There are 2 protein chains.
Amino acid sequence: MTAVPLAQLPGRPCPVAATLELVGERWSLLVVREVALGAHRFGEIVTGTGAPRDRVAARLRSLTAADVLERRQYQSAPDRFDYHLTASGRDLLPVLTALLVWGRDHAVDPDDPDRHRYRDTLRLLRDRTPTPDPTQEPR
Amino acid sequence: MTAVPLAQLPGRPCPVAATLELVGERWSLLVVREVALGAHRFGEIVTGTGAPRDRVAARLRSLTAADVLERRQYQSAPDRFDYHLTASGRDLLPVLTALLVWGRDHAVDPDDPDRHRYRDTLRLLRDRTPTPDPTQEPR
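What comes next concerns the included structure. For clarity, every value in this text was computed on a predicted model and none was experimentally measured. (Residues numbered from 1 in each chain as written. Chains lettered and ligands numbered in written order. Predicted model: local features only at pLDDT ≥ 70, side-chain atom pairs only at ≥ 80, totals over all residues. Heavy atoms only, no water.)

Considerations on the overall build of chain A
- For chain A, the helix and strand inventory stands at 7 helices and 2 strands.
- In sequence order, the secondary structure elements of chain A are arranged as α-α-α-α-β-β-α-α-α.
- When the backbone C-alpha atoms are referred to their principal axes, chain A occupies close to 50 × 40 × 35 Å.
- For chain A, the proportion of its 139 residues judged to be buried stands at 48%.
- Taken as a whole, chain A presents about 6,900 Å² of accessible surface, with 48% of it coming from carbon and sulfur.
- For chain A, the separation between the mean place of its 20 positive charges and that of its 19 negative charges on side chains is 3 Å. (Helix = DSSP H or I, 4+ residues; strand = E, 2+ residues; numbered from the N terminus. Buried < 20%, exposed > 50% of the residue type's maximum accessible area, 1.4 Å probe, protein only. Areas by Shrake-Rupley, 256 points an atom, 1.4 Å probe, with all protein chains shown as cover. Lys, Arg positive; Asp, Glu negative; His and termini not counted. Charge placed at Lys NZ, Arg CZ, Asp CG, Glu CD.)

If you want it as structure tokens, here you go:
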């Protein structure tokens, strides 16, 4: 865990702000979305997010440092790496689902001509969301 | 509704990115948290977020334009205004709840000395989250 000391946060000492410290940058959440949807390689993540390559590279580094993504070698000579969600990264999927539901209801026109293009995204995110462990007590 | 045309988004045409266009800035989500927790006046929102005053002022303007917050006059001579969540703003509370749960589990040390200070935040956010309308079909 990359812990953010609550006392170091400006304002209210609250985990919402701690989360935003680690993953709150806009491209970070879109990188997590892409990996969740099956884009594991650098070029796929650049295409899916539409972010500049250097921003994607920086976000992949910070998300790996925050234990949200894991970097795996999939080829040698030349060495090549791809990115996968960690358990902590999979636990972010409810955040993406909540952002998607709000966007669908409040940020996208019901008649948007590209609306059909994300039809499956919500189902995919929900299917990949971990089921809460019933043996774990609520904190 | 302030609609974001999906075709204008970089990358995948997805409501997650549309949402982040409107409310994805870090201080925006913390301003929404503060209003949700009962901080309605400018000074209270500055204290609760810990954000610079000019950033709070800018975020209050953009959130009002995005129909997430509503500005109400509560005093005249001199005129004074405070901020309240709209129906669309209340629909953002599941996003804040998901961010809080992730932060509690993955971004805050279990032994953080300030952990007790947000104990009630999750309950407050959940209590104020609108119940989904059962007559509305899933989209």
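The structure having been displayed, the exposition proceeds.
What about the relation of the copies chain B and chain A?
- Between chain B and chain A, the superposition needs a rotation of 180° and an axial shift of 0.0 Å, giving an RMSD of 0.0 Å. In the structure described here, the two chain copies are related by an operation that fits a two-fold rotation axis. Measuring from the rotation axis to each C-alpha of chain B, the shortest distance belongs to Val-95 of chain B, at 2.9 Å.
- Here 100% of the contact residues of chain B are again contact residues in chain A; the copies associate through an equivalent surface. (Least-squares fit on C-alpha atoms with pLDDT ≥ 70 in both. Contact = heavy atoms within 4.5 Å.)

Examining the packing of aromatic side chains
- The full count for this structure, using the stated rule, is 0 aromatic pairs over all chains.
- Lying across the ring of Phe-81 of chain A, Arg-71 of chain A places its NZ or CZ 3.8 Å from the centre. (Phe/Tyr/Trp six-rings, centres within 6.5 Å; stacked < 30°, edge-to-face > 60°. Lys NZ or Arg CZ within 6 Å of the ring centre and 35° of its normal.)

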